[in-house]
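Residue-level structural notes
Okay, here's what each chain looks like letter by letter:
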Amino acid sequence: MTSTSLPDSLIATLPGVSYTDPGLFAQEQERIFEAMWFCAVRASDLPTPGAFRTVEVGRESILITRARDGSVRAYFNVCRHRGAKLCTEESGQVKRAFQCPYHAWTYDLTGKLVAAPNLTKMPDVGRTEYGLAGVAVREWLGYVWVCLAEDPPPFEEVVQDVVARLGDTESIEHYDIAGLEVGRRIVYDVRANWKLIVENFMECYHCATIHPELTEVLPEFADGYAAQYYVGHGAEFGEDVRGFTVDGSEGLDRIPGVSADQDRRYYAITVRPQVFVNLVPDHVIFHRMYPVAADRTVVECDWLYLPHVVRSGKDVSRSVELFDRVNRQDFDACERTQPGMSSRLYAKGGVLVPSEHHIGEFHDWVQARLGAQPR
């Protein structure tokens, strides 16, 4: 099936192999996730010097920590001696240094090689030259972003100024995402290709079918066109809805910076390649995807609230439950779709209806990143 043989109402998707081929996935890891700014961890996950997390970015394990001066540092999680993985745990705390469990090469929090067996007998070994290999780091929205590229693209141009739906970083700043605190975190292990998850988030053609709770709160989502926001537009809460909760009941304390025209509205933002941000008046839902394989993606989702809401122990369960249900409904749909990508029927792909045509631009972007000509 080619785009020229389709009626005007339909455009072609990517072929099924784009969602199943390990070779293509390896290219995506190299040319997308290892080349672009990647949202790795919440900065508050590194509360003190020596706190660390390890994150898979493309094909690489990256060690992220906080140095003694309070700055965030990121390194390839690889010992410079014989290549052993330096930190084998996903998170933890060290006092002053990281020590390789193989030959005890030891690095301080700035990455400098500070000790190794018989190191004093090797005066020609540079402590900095043979220190940990660093990775570019930026902090934005309270998250740590890393870039593995030797020459990272300008963060302001490719991240802050490129938001696929809201299109306005000033509007995002009204929510003071960096000043919020994590009230709940849920990690989902999704047996589906990362692009299926992005495509699902970008459209609402499915909303009336699989999201009954969401369409009760956001009635315009039921018509299937709601996801095609123009700049500055958000979906309005239903007339009888009091908060962004599973039953439409009262929410929590409103974020002070939220403007009057943003109140009682839901905004959804895609930050390529692997972040979704959902904004409502009293909290923010922040998704980060970690593509693991062609058919597997780990999604870490944070529910962020005003600090006093979290510290007071207020019940956030009704707001968490709403989007937890949405997530599980979406991911279940993606997992039902993944096997079809291997079907001979999907060898040339499927089709996008008019309310999904903007997904075609995402497909073109992926193809361009891989060096292929847009369809």
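Residues numbered from 1 in each chain as written. Predicted model: local features only at pLDDT ≥ 70, side-chain atom pairs only at ≥ 80, totals over all residues. Heavy atoms only, no water.

To continue, consider the pairing of strand β16 (residues 283–293). Side-chain positions along a regular strand alternate between the two faces of the sheet. With respect to burial, β16 is a largely interior element, 9 of its 11 residues being buried. Of the pairings in the sheet, the one linking strand β15 (residues 275–280) to β16 comprises 6 bridges and is antiparallel in character. From the neighbouring strand, Leu279 faces β16, where its bridge partner is Val284. Between β15 and β16, which pair antiparallel in sequence order, lie 2 residues. Here 9 bridges tie β16 to strand β17 (residues 296–305), and the two strands are oriented antiparallel to one another. The residue of β17 that forms the bridge with Pro291 is Thr297. The antiparallel hairpin formed by β16 and β17 contains 2 residues in its connecting segment. (Buried < 20%, exposed > 50% of the residue type's maximum accessible area, 1.4 Å probe, protein only. Helix = DSSP H or I, 4+ residues; strand = E, 2+ residues; numbered from the N terminus. Pairing = 2+ DSSP bridges.)

With that settled, consider the pattern of salt bridges. Oppositely charged side chains may form a pair once their charged atoms are brought near each other. A full pass over the atoms with the stated rule returns 22 salt bridges. A salt bridge links Lys195 to Glu28; the shortest N-O distance between them is 2.8 Å. One end of the pair, Lys195, is in helix α4 (residues 194–202); the other, Glu28, is in helix α1 (residues 22–33), and 167 residues separate them in sequence. With relative accessibility at 0%, the residue Lys195 sits in the buried group. (Salt bridge = Lys/Arg side-chain N within 4 Å of Asp/Glu carboxyl O.)

For the rest of this paragraph, the subject is the side chain of Asp302. Checked against the element boundaries, Asp302 lands in strand β17. Take Asp302: its relative accessible area is 0%, and that puts it in the buried class. Engagement of the side chain of Asp302 in a polar contact is seen with the side chain of Arg185, the distance being 2.5 Å. A distance of 3.0 Å separates the side chain of Asp302 from the side chain of Arg288, its partner in a polar contact. Ignoring anything within four residues of it in the chain, the contact list for Asp302 reads Arg42, Tyr143, Val182, Arg184, Arg185, Val284, Ile285, Phe286 and Arg288. (Polar contact = N/O pair within 3.5 Å; in protein donor to acceptor, adjacent residues only side chain to side chain. Contact = heavy atoms within 4.5 Å.)

Quick look at unusual backbone geometry now. Cis geometry marks the peptide bond from Arg272 to Pro273, where omega comes out at 10 degrees. Mapped onto the elements of the fold, Pro273 is located in the loop between β14 (265–271) and β15. Even without being a glycine, Ala104 presents a positive backbone phi close to 70 degrees. When you line up the elements, Ala104 lands in the loop between β7 (97–99) and β8 (106–108). Residue Ala104 is classed as partly exposed on the basis of its relative accessible area, which comes to 25%.

Don't take any of this as a statement about function, it's just geometry.
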